[in-house]
Every structure is written in C-alpha cells, then in structure tokens.
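# Working through the structure, step by step
Here is how the chains run, residue by residue.
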Amino acid sequence: MAAPRAEHELHQRRFSRNLGVGLTLAGFVFIVFGLTYVKITNGSLAQGFDHVVRPEILPTQEGN
C-alpha cells in the first residue's frame, strides 16, 4: 500500500473557495426560505393576479 501524500496547496485553495461558495449558496437558500415562510404565514390577502376582478380584494368605499 502506498502512503497517503501530503495535500497540495492548490487543494487547500479550492477547498476554501468551495466553502465560500457553499456558504453563500446556503445563505441565499435561507433568505428565500425565510421570505417564503413570512409570505405564507402573513398572506391572508396575498392572492395571485389572474386578470379577474374579485370583490374581496377591491378597496372598500366608506361613507356611501
């Protein structure tokens, strides 16, 4: 069996770069998940726009 060789300096740089990219990606996923969670939990009036007039989303006219 061959003895394991020492890790090259290039591998250390790649690992730190990959770690940075991975942490950035994880942060982006966390932000998207957080925004989605907040929109779903507070979305009682969040309805999609489908080009149809719906009375429940029209502003009420007070005083008439």
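To keep things clear, this report deals only with the structure shown in the data block. No experiment lies behind these values; they were computed from the predicted model shown.

## Observations concerning the pattern of salt bridges
All chains considered together, the criterion is met by 1 salt bridge. Among the ionic pairs, Glu9 bridges to Arg13, the shortest N-O distance being 2.9 Å. Of this pair, Glu9 and Arg13 both sit in helix α1 (residues 9-41), separated by 4 residues, roughly a single helical turn. Under the relative-accessibility criterion, Glu9 is labelled partly exposed at 43%. For Arg13, a relative accessible area of 43% puts it in the partly exposed group.

## Here we look at a nonpolar patch on the surface
On the surface, a cluster of nonpolar side chains totalling about 390 Å² of accessible area is made up of Leu25, Phe28, Val29 and Val32. Within the secondary structure layout, Val32 lies in helix α1. Owing to a relative accessible area of 38%, Val32 belongs among the partly exposed residues under this scheme.

Quick notes on the rules
- Residues numbered from 1 in each chain as written.
- Predicted model: local features only at pLDDT ≥ 70, side-chain atom pairs only at ≥ 80, totals over all residues.
- Heavy atoms only, no water.
- Salt bridge = Lys/Arg side-chain N within 4 Å of Asp/Glu carboxyl O.
- Helix = DSSP H or I, 4+ residues; strand = E, 2+ residues; numbered from the N terminus.
- Buried < 20%, exposed > 50% of the residue type's maximum accessible area, 1.4 Å probe, protein only.
- Patch = residues over 30% accessible without salt bridge, like charges linked within 9 Å, V, L, I, M, F, W, Y side chains within 5 Å.
- Areas by Shrake-Rupley, 256 points an atom, 1.4 Å probe, with all protein chains shown as cover.

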